[in-house]
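Survey of secondary and tertiary structure
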Amino acid sequence: MTGKTTASKGHPAPKGHPAPKGHAAAKGHAAAKEEPAPAPSAKHPPAEHPPAEHPPAEHPPAEHPATEHPPAPEHPPAAEHGPEHPPDEAAAAPKAEGAPAPEEGSPAPAAEPHPPAAEPEPEKPKAEPPSPPLSLAVGEVTENSVTLTWKNPEHTGSSALDGYVVEFCKDGSTDWTAANQEPFLSVRYTIRNLGAGEKIHIRVKAVNANGASVPATLEQPVLIREIQQRPRIRMPRHLRQTYVRHVGEAVNLMIPYQGKPQPQVIWTKDGQPLDTKRVNTRNGEKDTIFFIREAQRTDSGKYELTIRINGAEDKATLDIQVIEPPGPPQNLKLVDVWGFNVALEWGPPADNGNSEIKGYLVQKSDKKSGQWFTVLERCTRTSCTISDLIIGNTYSFRVFAENACGMSEKAAVTSKPAHIQKTKTVYQPEKIRQRDMMEPPKFTQPLTDRTTTRGYSTHLFCSVRGFPKPKIIWMKNQMEIREDPKYIAMMAQGVCSLEIRKASPFDGGVYTCKAVNPLGEASVDCKLDVKGKM
């Protein structure tokens, strides 16, 4: 019994430790075939040894490791052993220690105790859920909803992101409720049908095939309450002035506004409700649309937009002007014909097309060609003179009116043509009646107050008429200015001037220009202020 226990204890040692050393020694001598076991095989031939399961008691197992597996350098090459140590017997000795011994004389297969090492299989990626969403924030809060925004997670895990799940619970509760039934990929979501005045906690999870991420949670609960905002109309810049359209065109305007809760929108025209047969309006959450399918001149006027929230309101005025081409001018007359010239007169059109008349277009047509040629464009007066006509020709004339919409469709045409006569011109000097030209002085342009800088010259001007030619006297502070090189007085064609050279503060004061002739006198004055240099 003691020998069996000891043997059974001795076998695991060569199985765990010496056997690999022998195998390593055999691999070390790869040039030769499997080495035969050395001295132990000679001491214990295979015929004398029973199977490893029943070792003889007289052979202590401690001797086997030392004698059976000597160090690798002591093994001679396989060729040196010769036929005395067949490889089959050498392979059988270690086999008897590590596993059940085969029958006597049968060789043990070399591959069974030491199979070749297999290559390690590549590790499969771990199934990881995504990281939590980033930058979770509240976008908008109303009386029954809250809108959230966030950013995609930094890592989506080992598989693609399936979407997000939004959950919420009331303040003081731990019962989380999913707001969406299926994951969605948008980074914005609105939770609806909430109770006004409630406080709720909100969190968002990112989901993929491996599971859900750690939730991103708002730090503070959200109070479901409409945020009050005063009403304000944001009138576009081009609508702050008169909005002009042509007859028949569509009017389609969008005017944005702001305010919370949803404001009441009211449109009026000249203080009266809109005619819904002509004008349509549509009000949204943040803007109102004003639409006229085909504008008519009756649609012109001032429209007032009012938005109101709980007594607070804001107003804006929209001025619309619908225009069309004007009518033709009225009462076109041929006033006079002389030499190569013709004088025409007419009146403004009865209908200006709801727009100011910018001018008139005048055309002529001679009887021989019958073609119309433009002689004047944008004539702003209601009369004109046409020159450089050809002697012997007969001309007709017509006039168009023009406004911001364009030219009038019809023109006013002269009722009778103008014939340029081939007559000799006899010069007859005009008899000039004698006229009394005597006139007392009278200033047609007075002096004006002036301010000048010290060291600079300045001029005072005025104009006077009178016959005989009046005498001009200049005075400073009611003192006559006589021959003084500082002052240069001149008069030409009734224009009087006084030059003050390099003015100084002493030259400031009241200057008077006095005109005197035998029929009377007249005077004007002004104030001169001389300032020092800066």
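Small disclaimer: the values here were computed from a predicted structure and weren't measured.

**Examining the overall build of the protein**
- Check the secondary structure of the protein and you find 7 helices and 36 strands.
- By the burial criterion, 32% of the 534 residues in the protein qualify as buried.
- Long-range pairs, those at least 24 residues apart, make up 64% of the contacts in the protein between residues at least 6 apart in sequence.

**Side note on the packing of aromatic side chains**
- The full count for this structure, using the stated rule, is 9 aromatic pairs.
- Measuring from ring centre to ring centre gives 5.1 Å for W267 and F290, while their planes differ by 45°; the resulting arrangement is tilted. Note that W267 is positioned in strand β13 (residues 264–269) and F290 in strand β16 (residues 287–292), a separation of 23 residues in sequence. For the residue pair W267 and F290, the accessibility class agrees, reading buried in each case.
- Members of the aromatic cluster, connected to one another through ring pairs, are W150, Y164, F184 and Y189.
- Here the guanidinium or amino end of R398 rests over the ring plane of W372, the centre of that ring lying 4.3 Å away.
- Sitting above the plane of the F506 ring, K476 keeps its charged end 4.2 Å from the centroid.

**Brief notes about the nonpolar core**
- Membership of the largest hydrophobic core comes to 22 residues, with the highest contact counts inside it found for V251, W267, F290, Y303, L318 and I320.
- Elements with a minimum of two residues in this core: β12 (251–260), β13, β16, β17 (301–309) and β18 (312–323).
- Setting aside residues no more than four positions away along its own chain, I320 makes contact with Y243, V251, F290, D299, S300, G301 and Y303.
- Core analysis: the second largest hydrophobic core is formed by 21 residues, I191, I202, V204 and L218 among them.

**So, the confidence of the model for the protein**
- Residues at a pLDDT of 70 or more form 75% of the protein, whose mean pLDDT is 79.
- Contacts of residues 1–111 to residues separated by more than four positions or lying in other chains number 73 contacts, the stretch itself having pLDDT below 50.

**Side note on the sheet that holds strand β32 (residues 479–480)**
- If you trace the 5 strands from one edge of the open sheet to the other, you get β29-β36-β35-β31-β32, paired in mixed fashion. Strands with a single pairing partner mark the edges of an open sheet, and in this sheet they are β29 (450–453) and β32.
- Pairing analysis gives 6 bridges linking strand β31 (residues 471–476) to strand β35 (residues 509–517), with the strands arranged antiparallel. In the sheet register, W474 faces β35, and the bridge partner there is C513.

**Some thoughts on the pattern of salt bridges**
- For the structure on display, the rule yields 16 salt bridges.
- E167 is the partner of R203 in a salt bridge, and the nearest nitrogen-oxygen pair spans 2.7 Å. Taken as a pair, R203 in strand β6 (residues 199–208) and E167 in strand β3 (residues 161–170) lie far apart in primary sequence, 36 residues in all. E167 shares its class with R203; the two are buried.
- Across the pair R297 and D351 runs a salt bridge whose closest N-O atoms are separated by 3.0 Å. Of this pair, R297 sits in the loop between β16 and β17 while D351 sits in the loop between β20 (341–347) and β21 (359–366), and the two are 54 residues apart along the sequence.
- Through salt bridges with shared partners, one network takes in E167, R203 and K205.

**Let's talk about the sheet that holds strand β23 (residues 383–386)**
- Pairing is antiparallel in the open sheet, where 3 strands are placed in the order β19-β20-β23. At either end of the open sheet lies a strand with only one pairing partner, and these are β19 (330–338) and β23. Neighbour-to-neighbour, the strand axes of the sheet open up by a mean angle of 20°, direction not taken into account.
- The pairing of β20 with β23 spans 4 bridges and is classified as antiparallel. Bridged to A343 within β23 is T385.

**Brief notes about the pairing of β35**
- The sheet contact formed by β35 and strand β36 (residues 520–531) spans 9 bridges and is antiparallel. Looking across to β36, one finds that K514 is bridged to S523.
- Where β35 folds back on β36, the antiparallel hairpin that results is connected by 2 residues.

**Quick word on the environment of I473**
- In this structure, I473 sits in strand β31.
- The buried category is assigned to I473, whose relative accessible area is 18%.
- On a C-alpha basis, the gap between I473 and K514 in space is 5.0 Å, while along the polypeptide they are 41 residues apart.
- Aside from chain neighbours lying at most four places away, what touches I473 is E480, T512, C513 and K514.

Rules and cut-offs
- Residues numbered from 1 in each chain as written.
- Predicted model: local features only at pLDDT ≥ 70, side-chain atom pairs only at ≥ 80, totals over all residues.
- Heavy atoms only, no water.
- Helix = DSSP H or I, 4+ residues; strand = E, 2+ residues; numbered from the N terminus.
- Buried < 20%, exposed > 50% of the residue type's maximum accessible area, 1.4 Å probe, protein only.
- Contact = heavy atoms within 4.5 Å.
- Phe/Tyr/Trp six-rings, centres within 6.5 Å; stacked < 30°, edge-to-face > 60°.
- Lys NZ or Arg CZ within 6 Å of the ring centre and 35° of its normal.
- Core = buried A, V, L, I, M, F, W, Y, C linked by side-chain atoms within 4.5 Å.
- pLDDT = per-residue confidence, 0-100.
- Pairing = 2+ DSSP bridges.
- Salt bridge = Lys/Arg side-chain N within 4 Å of Asp/Glu carboxyl O.
- Axes fitted to C-alpha atoms, helices over the stretch in contact; angles between N-to-C directions.

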